[in-house]
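# Reading the structure
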Amino acid sequence: MSNSVLFDAPGPRTIRRHRLYGALGALLVLGVLAFVLHRFYDAGTFEGDKWEVFVTPDYVRVILVDGLLNTLKMAGAAIVGACVLGALLGVGKLSDHRLVRWPSWLVVEFFRAVPVLLLMVFTWFVLGINKEGSSFWAVVIALTLYNGSVLAEVLRAGVNAVPKGQREAAYAIGMRKTQVMNIVLLPQAVKIMLPAIISQCIVALKDTALGQYVLAPGLTRIYKQIFLEFDNRVPTMIVIASLYILVNLLLTALATWLQHKLVGERKPLEVSMITRPAADGTATGPL
Amino acid sequence: MKAVFDEFDAYLQAFGYTLALFLVSGVLSLLLGTVLVAMRVGPVAVLRSAAGVYVTVVRNTPLVIVFAFFSFAGPTLSIQFNWFKVSIGDYDFTSLFCYAVLSLTLYTSTFVCEALRAGINAVPLGQAEAARAIGLPFGGVMRQVVLPLAFRAALPPLASVQIALIKNTSVAAVFGIAEATANMRSLLNDFGATQRFGIFACFALGYIVIVEVFSFLSYRLERRWRVAT
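In this report, we go over the structure that sits alongside the text.

What counts, and where the lines are drawn
Residues numbered from 1 in each chain as written. Chains lettered and ligands numbered in written order. Predicted model: local features only at pLDDT ≥ 70, side-chain atom pairs only at ≥ 80, totals over all residues. Heavy atoms only, no water. Helix = DSSP H or I, 4+ residues; strand = E, 2+ residues; numbered from the N terminus. Rg over C-alpha atoms; globule rule 2.2 N^0.38 Å. Buried < 20%, exposed > 50% of the residue type's maximum accessible area, 1.4 Å probe, protein only. Contact = heavy atoms within 4.5 Å. Lys, Arg positive; Asp, Glu negative; His and termini not counted. Charge placed at Lys NZ, Arg CZ, Asp CG, Glu CD. Axes fitted to C-alpha atoms, helices over the stretch in contact; angles between N-to-C directions. Parallel < 35°, antiparallel > 145°, perpendicular 65-115°, else oblique. Left-handed = near helix turned anticlockwise from the far one by under 90°. Nonpolar A, V, L, I, M, F, W, Y, C, P; charged D, E, K, R; others polar. Phe/Tyr/Trp six-rings, centres within 6.5 Å; stacked < 30°, edge-to-face > 60°. Lys NZ or Arg CZ within 6 Å of the ring centre and 35° of its normal. Salt bridge = Lys/Arg side-chain N within 4 Å of Asp/Glu carboxyl O.

### Here's the deal with the overall build of chain A
Secondary structure summary: chain A contains ten helices and zero strands in total. Walking chain A from its N terminus toward its C terminus, one meets helices and strands in the order α-α-α-α-α-α-α-α-α-α. The C-alpha radius of gyration computed for chain A amounts to 24 Å, which surpasses the reference 19 Å derived for 287 residues by more than 25%, pointing to a less compact arrangement than a globule. The principal-axis extent of the C-alpha atoms belonging to chain A is close to 75 × 70 × 30 Å. Taken over 287 residues, chain A has a buried fraction of 45%. Across chain A, every contact between residues at least 6 apart in sequence was considered, and the portion connecting residues at least 24 apart equals 73%. Here chain A contributes 27 positively and 18 negatively charged side chains, and the mean placements of these two sets differ by 11 Å.

So, in structure tokens, the structure goes:
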């Protein structure tokens, strides 16, 4: 604790004071927790029959297969689509030709600035709200467009993060533009980008919950079905939220591991949501 | 598109609610995020881990579920805003609005906390050491030296977080607030057969204008505030 640069190693009086703060803080946290638990207890949230459904094998199967699996399917399809779209748009944004660069830039900016939910609702109506499977695909398409645009920006930042000498050396030995990109820049960029891509998976997974608004399958639909049947809104919410948190924590652990493994102690790639002129005036795309 | 222009007042009002949600929760989330980050890097172990757990849990929960929690479990926990009824012009801010602000604030503040923590890590070591050397306690180090620098260093990620907040206000539509996304859905319901692309274009444009104006302002601020290196 004393190795933080923000405060000195505490002396005896400060230690006592910190113990007091610690005790007060613990009291506050425990007090809030106790209050929440007490209120939930009074409201009957912890009664056995409200939780029984989560240990009944049939319903567990429904939650895991109809719920989690569908959610993961939507997120997975969206991520695969987003990677393809992101690669296309990202390379497009890095292109030397204006006719390719500007449309890519426009598409990326558009889908990054529009809320996913708005896209989802629109796609849902375009696909036909009464058609079978339209809400599933509305979620997938909306998430693909949004995450694809973000990944395009990640790709651009990743390629630009490859040391300049690599590109120059590749040109110097006579490689063509495509070869430089495919053989030299992209393999190194992907390594830098992987943690950012996984973080984007987390975003996509969380956003599948928005599918609720377009009546999509997945955990949020199961949530509704279960609490309508058993009148246990809060327990169901807790279980569903835990499933999301669990999967996200696994993904976070994977991202951290990859970061250590592939990138080492270097700074993680930062991708800004703000468009700005390229700082050094290099050809990193317009505006 | 005609459907939007026929009821242009409703369109503007819907984006008014979007803006109101953004402004109120934006300011509150910055405040709460700053408190959280002070707890997270501070010397009191209990607060450090409490803030850490809070940030980890809320960050990994979908915003819809945070909303659902406060909308449905709020009354059980005496988190009620029935007393809250403010009308400004044509705008009615009711308890639904408060729940939305609460959820957006609690959710966004965790991202603000993480952005600021990265900003604090970017502050040169010598600054904090110099602040300690002249005898400042932790509060002074944070308030007078580290946080001002961290805010400047963290401005781009903070702006990204706030832009995400602008877009996240659309989630309030799911919980019955008549903001832009809800307005679009009801228009699509009525006129979706013939004018869906026009309607979508109008609403997308509204969001794009808000996002672009905000990112322009934050870019200006960033240039003005840039720490001399």
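### Concerning the packing of helix H6 (residues 125-133) of chain B against helix H7 (residues 138-153) of chain B
All names here are of chain B. Viewed as axis vectors pointing N to C, H6 and H7 meet at an angle of 165 degrees, and their least axial separation amounts to 10 Å. Of the possible angle classes, the one that applies to H6 and H7 is roughly antiparallel. Crossing angle aside, the handedness with which H6 passes H7 is right-handed. Two secondary-structure elements touch here, H6 through Gln-127, Ala-128, Ala-131 and Arg-132 and H7 through Val-141, Val-145, Val-146 and Leu-149. The residue inventory of the contact of H6 with H7, partitioned by class, reads six nonpolar, one polar and one charged.

### Section: the packing of aromatic side chains
The final tally for this structure, using the stated rule, is 29 aromatic pairs over all chains. Ring centres of Phe-122 of chain A and Phe-197 of chain B lie 5.3 Å apart, and the angle between their planes is 75 degrees; this geometry places the pair in the edge-to-face category. Taken together, the residues span two chains, with Phe-122 of chain A in helix H5 (residues 116-127) and Phe-197 of chain B in helix H9 (residues 180-225). Owing to a relative accessible area of 9%, Phe-122 of chain A belongs among the buried residues under this scheme. Ring centres of Tyr-91 of chain B and Phe-93 of chain B lie 6.3 Å apart, and the angle between their planes is 10 degrees; on these two criteria the pair is classed as stacked. Classification of Tyr-91 of chain B as partly exposed rests on a relative accessible area of 26%. Given a relative accessible area of 13%, Phe-93 of chain B falls into the buried group. Site record: aromatic cluster; members linked through ring pairs are Phe-5, Phe-8, Tyr-11, Phe-15, Phe-203 and Tyr-207 of chain B. In this structure, Arg-152 of chain B is placed above the aromatic ring of Trp-225 of chain B, and the distance from its NZ or CZ to the ring centre is 5.3 Å.

### Observations concerning unusual backbone geometry
In this model, Asp-231 of chain A sits at a positive phi of 55 degrees, which is unusual for a non-glycine residue. Its place among the elements puts Asp-231 of chain A in the loop between helix H9 (219-230) and helix H10 (233-263).

### Things to note about the pattern of salt bridges
All names here are of chain A. Scanning all chains against the criterion turns up seven salt bridges over all chains. Notably, a salt bridge pairs Arg-61 with Asp-58, separated by 3.1 Å at the nearest N-O pair. Within this pair, Arg-61 and its partner Asp-58 are both found in helix H3 (residues 57-94), separated by three residues, close to a single helical turn. Between Asp-96 and Lys-177 there is a salt bridge, and its shortest N-O distance comes to 3.4 Å. Of this pair, Asp-96 sits in the loop between H3 and helix H4 (98-113) while Lys-177 sits in helix H8 (residues 177-207), and the two are 81 residues apart along the sequence. With a relative accessible area of 42%, Lys-177 lands in the partly exposed category. Residues joined by salt bridges that share partners form a network here, namely Lys-93, Glu-153 and Arg-156.

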